[in-house]
Amino acid sequence: MLKRWLGTDGWGAVMGTLLLLGFGLFVIFISAADLREAARTEPVERTCASWLADPSGARWIRLSGCRLDLAEAASRRWKGWRSVKDGGVVGARYLELFLPLYVGDQPPEKPRAVLATTEKPLLALMDGITALPPEQVDAYLQAHESEFRELLEPKTITGYVEPVKSIGANSALSFLTDEDAVVLEQGREPRRANSVFGLVVGLFCVALGVRSLGRRFMLERDSSL
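Below is a short write-up of the structure. (Residues numbered from 1 in each chain as written. Predicted model: local features only at pLDDT ≥ 70, side-chain atom pairs only at ≥ 80, totals over all residues. Heavy atoms only, no water.)

### Quick word on the pairing of strand E8 (residues 113-117)
Along E8, five of the five residues are buried, which leaves the element largely enclosed by surrounding structure. Alternating residues of E8 divide into Ala113, Leu115 and Thr117 and Val114 and Ala116, and every residue in both groups is buried. Pairing of strand E7 (residues 93-102) with E8 involves four bridges; the strand directions are antiparallel. Each bridged residue has a counterpart across the sheet, and for Leu99 the counterpart in E8 is Leu115. With four bridges connecting them, E8 and strand E10 (residues 182-186) associate as parallel partners. The residue bridging Ala116 from the neighbouring strand is Glu185, located in E10. (Buried < 20%, exposed > 50% of the residue type's maximum accessible area, 1.4 Å probe, protein only. Helix = DSSP H or I, 4+ residues; strand = E, 2+ residues; numbered from the N terminus. Pairing = 2+ DSSP bridges.)

### Details of the nonpolar core
Ranked by size, the top nonpolar core spans 28 residues in total, and within it Trp51, Leu68, Leu97, Leu101, Phe148, Ile157 and Leu184 carry the most contacts. Of all elements in the fold, only helix H3 (48-53), strand E2 (60-64), E7, E8, helix H4 (120-130), helix H5 (137-143), helix H6 (145-152) and E10 reach the threshold of two or more residues within this core. Looking at which element gives the most residues to this core, the answer is H4, with five residues. With sequence-adjacent residues up to four places away left out, Trp51 is seen in contact with Arg46, Ile61, Leu63, Leu101, Ala113, Val161, Val182 and Leu184. In terms of nonpolar packing, the next biggest core, distinct from the first, is built from 10 residues, Ala74, Ala116, Ala172 and Val183 among them. (Core = buried A, V, L, I, M, F, W, Y, C linked by side-chain atoms within 4.5 Å. Contact = heavy atoms within 4.5 Å.)

### Some details on the side chain of Glu96
Counting through the fold element by element, Glu96 comes out in strand E7. Here Glu96 falls in the buried class, since its relative accessible area comes to 8%. The residues touching Glu96, leaving out its near neighbours within four places in the chain, are Ala74, Ser75, Arg76, Ala116, Thr117, Thr118, Leu123 and Glu185.

### Describing the environment of Val27
Structurally, Val27 is set in helix H2 (residues 10-38). In this structure Val27 comes out as buried when scored by relative accessible area, which is 15%. Sequence separation between Val27 and Val200 is 173 residues; the distance between their C-alpha atoms is 9.1 Å. Contacts of Val27, omitting those with residues within four sequence positions, involve Gly198 and Gly202.

### Observations concerning the side chain of Thr117
By the element assignment, Thr117 lies in strand E8. For Thr117, the side chain forms a polar contact with the main-chain nitrogen of Glu119, separated by 3.1 Å. Each residue touching Thr117, except ones within four places of it in the same chain, is listed here: Glu96, Leu97, Leu99, Leu122, Leu123 and Gln186. (Polar contact = N/O pair within 3.5 Å; in protein donor to acceptor, adjacent residues only side chain to side chain.)

### Topic: the packing of H4 against H6
Angle between the axes and distance between the axes are the two parameters that describe a pair of packed helices. Orientation of H4 relative to H6, taken along the N-to-C sense of each, is 135°, at an axis distance of 10 Å. Compared by their axis directions, H4 and H6 come out oblique. In this structure, H4 crosses over H6, and the sense of that crossing is left-handed. Between H4 and H6, the residues in contact are Pro121, Leu122, Leu125, Met126 and Ile129 and Glu147, Phe148 and Leu151, respectively. Residues of the contact of H4 with H6, tallied by class, amount to seven nonpolar, no polar and one charged. (Axes fitted to C-alpha atoms, helices over the stretch in contact; angles between N-to-C directions. Parallel < 35°, antiparallel > 145°, perpendicular 65-115°, else oblique. Left-handed = near helix turned anticlockwise from the far one by under 90°. Nonpolar A, V, L, I, M, F, W, Y, C, P; charged D, E, K, R; others polar.)

### A word on the pattern of salt bridges
Across all of its chains, the model carries seven salt bridges by this definition. The salt bridge partner of Arg62 is Glu45, with a shortest N-O separation of 3.2 Å. Taken together, the residues span a long stretch of sequence, with Arg62 in strand E2 and Glu45 in strand E1 (residues 44-47) at a distance of 17 residues. Taking relative accessible area as the criterion, Glu45 reaches 60% and is therefore assigned exposed. The salt bridge involving Arg188 is made with Glu162; its shortest N-O contact spans 2.9 Å. Taken together, the residues Arg188 in the loop between E10 and helix H8 (192-224) and Glu162 in the loop between strand E9 (156-160) and helix H7 (167-175) connect sequence positions 26 residues apart. What makes Glu162 buried here is its relative accessible area of 16%. Within the structure, one salt-bridge network assembled from shared partners comprises Glu42, Glu45 and Arg62. (Salt bridge = Lys/Arg side-chain N within 4 Å of Asp/Glu carboxyl O.)

### Considering H7
For H7, every residue scored as buried is listed here: Gly168, Ala169, Ala172 and Leu173. Each buried residue of H7 lies within a common arc of 135° when the element is viewed along its axis, so the set occupies one face. Next to the buried residues of H7 lie strand E4 (74-78), E7, E8 and E10. Of the residues one or two after H7, Thr177 is the one with positive phi, at around 60°. (Arc of directions from axis to C-beta.)

None of this, on its own, says anything about what the molecule does.
Below, the structure is given as structure tokens:
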């Protein structure tokens, strides 16, 4: 029976069909999750304290009362395209920051949630620090203290928790020693068109996989008659 089920294609074809089914189901799961959030017209408003205590539920959210821990942030950087004589690098810059979210006076040892941000004002301030020699950093921080405070203690933060974390986010969480932390993508919202397209692709893959398995079942049944 097993030999008839495999046919002339062997295990390779069967595994390919199962992988196609698995991929299709995965895409459907991700797209359906996005579509549920895309049905909202506005993000769900929550306090930072309540969300950190229980980040389940809505993933498109607007938080109030959050603070950002720049001291323990991880980053994704462009390393530049050539070195210069003093040891620096031309073109080096920050692409994304991963900042632990917290409430109160002190951040926890391990963050429960991280804000992934590409906000230009904050990245520009960070680029300014890396362009300075160490002895000038304190003066720079004092000169831009109000700007840092405004960015690190925002009135609200709006973002989206993606169903699957990005490669950059996974790398940052590994650096922050808490790979289970929730990652909130600042300024992101459910991508409605992509969700619909993904759902169609997932259903198509599942249909192909089911059709292939069905044909094998019918061939095996017919050959056994």
